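Now for the letters of each chain:
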Amino acid sequence: MITKVPVDRGSLCALRRGVGRLPARSVVAVIAGLVTAALCTASCASAVNSHGPGTGQHASGSASKAGKLAAPAQPFPVTENKKPGTRAWQITDQGAPDAIEGYADHVSVLPGQPFKLYVSTTAASFGVQAYRMGSYQGSGGRLVWSSGSVPGQSQPAAGFAAGVNMVTAPWRPSLTVQPTAWPPGAYLLKLVASTGQRYVPITVRSASTAGAVVILQGVTTWQAYNLWGGYDLYSGPSGFADRSREVSFDRPYADNGAQWFQSFEQAPIALAESSGVPLAYETDVDIDQNPSILNGSRAVISLGHDEYYSAPMRTALLDARNAGTNIAFLGANAMYRHIRYASSALGADRIEICYKDAAEDPLYGKDNSETTQDWRDPPDPRPESVITGVYYECNPVSAPYVVYDPGNWIFAGTGVRKGTSFPGMVGPEYDRVNPAAPIPRPMEVLAHSPLTCAGVASYSDSGYYTTPSGAGVFASGTMRWVCAMRGPSCGHGVGVAAEDFVDRATLNLLQVFAAGPAGRTHPAQDNLATVHPVVGSANSDPS
């Protein structure tokens, strides 16, 4: 059965009080919800039946034997999160735009692999503090390293590649960091100067994902929306027409340096780290460079906004699913844009290419399988729904999330009934099960939420399907699944009830997915004949 996991409201409220607001450009309000989860082993998770809690059976005499048995080893990162945490990772004074900012020469590194930091500051000196982000009894992070004082310098102005409108920061390295004894995970490097503070995010990736639930960090989407230097994949000074066609990781992230991590990834990572399931960490770039890194993984968790995919990234997820790896998409609009990578002077895959118009792409007519437009569009359409099960439709919207199938195992322990509604939980982008698009079967619609977008009446759907390999795939169908982990602080009318519901449902997913191919014990029950999903689209171009 699924053990009901209590929410530690004291830790949760303490963490909320400590988190400041992100800049207003964030699409979703800052998230920092945290639950303290009871540990659940894979055998506990596998005992849940496909449509609600199961009944556990205990062998006679097990209680008398328990004291004689050694306690089983706890999976990573259970012990890690018992270490002392701190809230000092939070920025207290961002300062002026040029006060201090920086970037790393790697998106991710293996434990112990050195990397360089490139920092520009108006101060005479600065320091770096490295925090591993997780649960840590409600504090949200643990200090693993400090640099001491480093000489500061104001670095050269941004570089600009005309034609593709790519901005770079052609700076000199400021220091080399040796991440000795840094365990895998998501890290925020806090740059601290007398003039201000900023973040540089970096991932310490796992050397293997075998037997683990993989947290997939959506760095390509972070970079697509990175307006540092005045350009991103959406706009330039004059708007969409002079947007970047290529964006570079060789520059800082705008605003506080970690806006997209904090908005879309920090809360589900804290929840996963408290869940007791074995975790591994990878980024988009890692699965592009080494698609086989997902071999043997129990599940892949795509977080709150994971929009930009290369062909090798897409193939990596498809191959993993077909080998029995479960997948959860906790956001909406996932796997929507087709990208490819190029090298910079700092290394491979440091440039992200997306023309958003196949006819503009230099590869058009030469290699149509690699032109960079929406995955669903010509010249080689491959809709995201083949993998996600749901199909992006429209934005912006704000609507209640309405439960359709309360008996599904994912909703076990939440107390929901058919028609239970959570205000504001759908938005600002949403997906749905659309029979006009290719979708895997059996498909079970779990939530079917009516809404109106771009003047057209439609629905947002949470869906779950299973495959012949045994893999189970869940898609929330709303970008506010992650935002709801913050409860009322999410805004949009989201309340504590939505927070409790999302926390419990996500923990159910993590625990069952960690036990192995979910379709073998929790097969999807196709219900499209009763749901009657609408054919067609209220499509608008997503942000």
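Scroll up a little and you will see the structure.
All values derive from a computational prediction rather than experimental measurement.

Attention now goes to the sheet that holds strand β14 (residues 279-283). In any sheet, the strands associate via hydrogen bonds between backbone groups, in a parallel or an antiparallel arrangement. The mixed open sheet is built from seven strands, whose spatial order is β14-β12-β15-β17-β26-β25-β24. Each edge of the open sheet is held by one strand with a lone partner, namely β14 and β24 (443-453). Going across the sheet, the axis of each strand differs from the next one's by a mean of 20°, ignoring polarity. With five bridges joining them, strand β12 (residues 213-217) and β14 adopt parallel strand pairing. Along β14, the bridge assignment pairs Val 214 with Ala 280. Sheet contacts for helix α6 (residues 266-273): β12 and β14; angle to β14, the most-contacted strand, approximately 155°.

Any two aromatic rings considered together are summarised by their centre-to-centre distance and by the angle between their planes. Scanning the model with the defined rule gives 22 aromatic pairs in all. Plain terms: the ring middles of Tyr 225 and Tyr 234 are 4.5 Å apart, the flat faces sit at 25° to each other, and that makes the pair stacked. Accessibility classification places Tyr 225 together with Tyr 234 in one group, the buried group. Ring centres 5.1 Å apart and planes at 25° place the aromatic pair Trp 260 and Phe 264 in the stacked group. You can see Trp 260 and its partner Phe 264 sitting in helix α5 (residues 259-264), four residues apart, about one turn around the helix.

Tracing the chain through its elements places Asn 408 in the loop between β21 (399-402) and β22 (421-426). We classify Asn 408 as buried; its relative accessible area is 1%. Polar side-chain contacts of Asn 408 include one of 3.3 Å to the side chain of Glu 444.

This brings us to the side chain of Arg 480. For Arg 480, the location among the structural elements is in helix α10 (residues 480-483). Despite its burial, Arg 480 remains without a salt bridge, the nearest opposite charge being carried by Glu 429 at 11 Å. Other than its neighbours up to four places away in sequence, Arg 480 contacts Val 397, Ser 398, Gly 424, Met 425, Val 426, Gly 427, Pro 428, Cys 490 and His 492.

The subject of this paragraph is the environment of Asn 368. Here Asn 368 is to be found in the loop between β19 (347-353) and α9 (385-388). Using a relative accessible area of 29% as the deciding quantity, one classes Asn 368 as partly exposed. Distance in space between the C-alpha atoms of Asn 368 and Pro 381 is 9.9 Å, their sequence separation being 13 residues. For Asn 368, the contacting residues outside a window of four places in its chain are Leu 363, Pro 379 and Asp 380.

All right, on to the nonpolar core then. Within the largest apolar cluster, 109 residues are counted, with the highest numbers of intra-cluster contacts made by Tyr 401, Phe 474, Trp 481 and Phe 501. The element best represented in this core is helix α11 (residues 496-514), accounting for ten residues. With residues near it in sequence (within four places) discarded, Phe 501 still touches Tyr 401, Val 403, Phe 411, Thr 414, Val 416, Phe 422, Met 425 and Trp 481. In terms of nonpolar packing, the next biggest core, distinct from the first, is built from 21 residues, Ile 100, Val 119, Val 177 and Tyr 187 among them.

All right, on to unusual backbone geometry then. Cis geometry is adopted by the peptide bond preceding Pro 428, which originates at Gly 427 and carries an omega value of -20°. On the secondary structure map, Pro 428 appears in the loop between β22 and β23 (430-432). Cis peptide bonds are those with omega within 30 degrees of zero, and the linkage from Arg 441 to Pro 442 qualifies with 5°. Along the polypeptide, Pro 442 turns up in the loop between β23 and β24. Here Asn 165, not a glycine, exhibits a phi torsion of approximately 55°, which is positive. Following the sequence through the fold, Asn 165 ends up in the loop between β7 (159-161) and β8 (166-168). We classify Asn 165 as buried; its relative accessible area is 13%.

Scanning all chains against the criterion turns up two disulfides. Between the sulfur atoms of Cys 394 and its disulfide partner Cys 453 the distance amounts to 2.0 Å. Negative torsions about the S-S bond denote left-handed disulfides, and the value of about -75° found for Cys 394 with Cys 453 makes this one left-handed. Residue Cys 394 is found in strand β20 (residues 391-394), and its partner Cys 453 is found in strand β24; the two are separated by 59 residues along the sequence. Cys 453 shares its class with Cys 394; the two are buried. Cys 483 shares a disulfide with Cys 490; S-S distance 2.0 Å. Measuring handedness by torsion sign, the sulfur bridge of Cys 483 and Cys 490 sits at about 115° and is right-handed. Just as Cys 483 is buried, Cys 490 falls in that class too. Cysteine pairing for the protein (bonded cysteines numbered in sequence order): 1-2, 3-4.

Right, let's get into α6. In terms of burial, α6 is largely enclosed, as eight of its eight residues are buried. Inspection of α6 places Gln 266, Ala 267, Pro 268, Ile 269, Ala 270, Leu 271, Ala 272 and Glu 273 among the buried residues, and these make up the whole buried set.

By the definition in use, this model includes 14 salt bridges. With a shortest N-O distance of 2.7 Å, Arg 132 and Glu 273 are connected by a salt bridge. Here Arg 132, found in strand β4 (residues 125-133), pairs with Glu 273, found in helix α6; they are 141 residues apart in sequence, far enough to count as distant. Taking the relative accessible area as the measure of exposure, Glu 273 reaches 3% and is therefore buried. In this structure, the salt-bridge partner of Asp 286 is Arg 205, at a minimum N-O distance of 3.9 Å. Of this pair, Asp 286 sits in helix α7 (residues 284-289) while Arg 205 sits in the loop between β11 (196-204) and β12; the two residues are 81 residues apart in sequence, bridging distant segments of the chain.

What counts and how
- Residues numbered from 1 in each chain as written.
- Predicted model: local features only at pLDDT ≥ 70, side-chain atom pairs only at ≥ 80, totals over all residues.
- Heavy atoms only, no water.
- Pairing = 2+ DSSP bridges.
- Helix = DSSP H or I, 4+ residues; strand = E, 2+ residues; numbered from the N terminus.
- Axes fitted to C-alpha atoms, helices over the stretch in contact; angles between N-to-C directions.
- Contact = heavy atoms within 4.5 Å.
- Phe/Tyr/Trp six-rings, centres within 6.5 Å; stacked < 30°, edge-to-face > 60°.
- Buried < 20%, exposed > 50% of the residue type's maximum accessible area, 1.4 Å probe, protein only.
- Polar contact = N/O pair within 3.5 Å; in protein donor to acceptor, adjacent residues only side chain to side chain.
- Lys, Arg positive; Asp, Glu negative; His and termini not counted.
- Salt bridge = Lys/Arg side-chain N within 4 Å of Asp/Glu carboxyl O.
- Core = buried A, V, L, I, M, F, W, Y, C linked by side-chain atoms within 4.5 Å.
- Disulfide = S-S within 2.5 Å.

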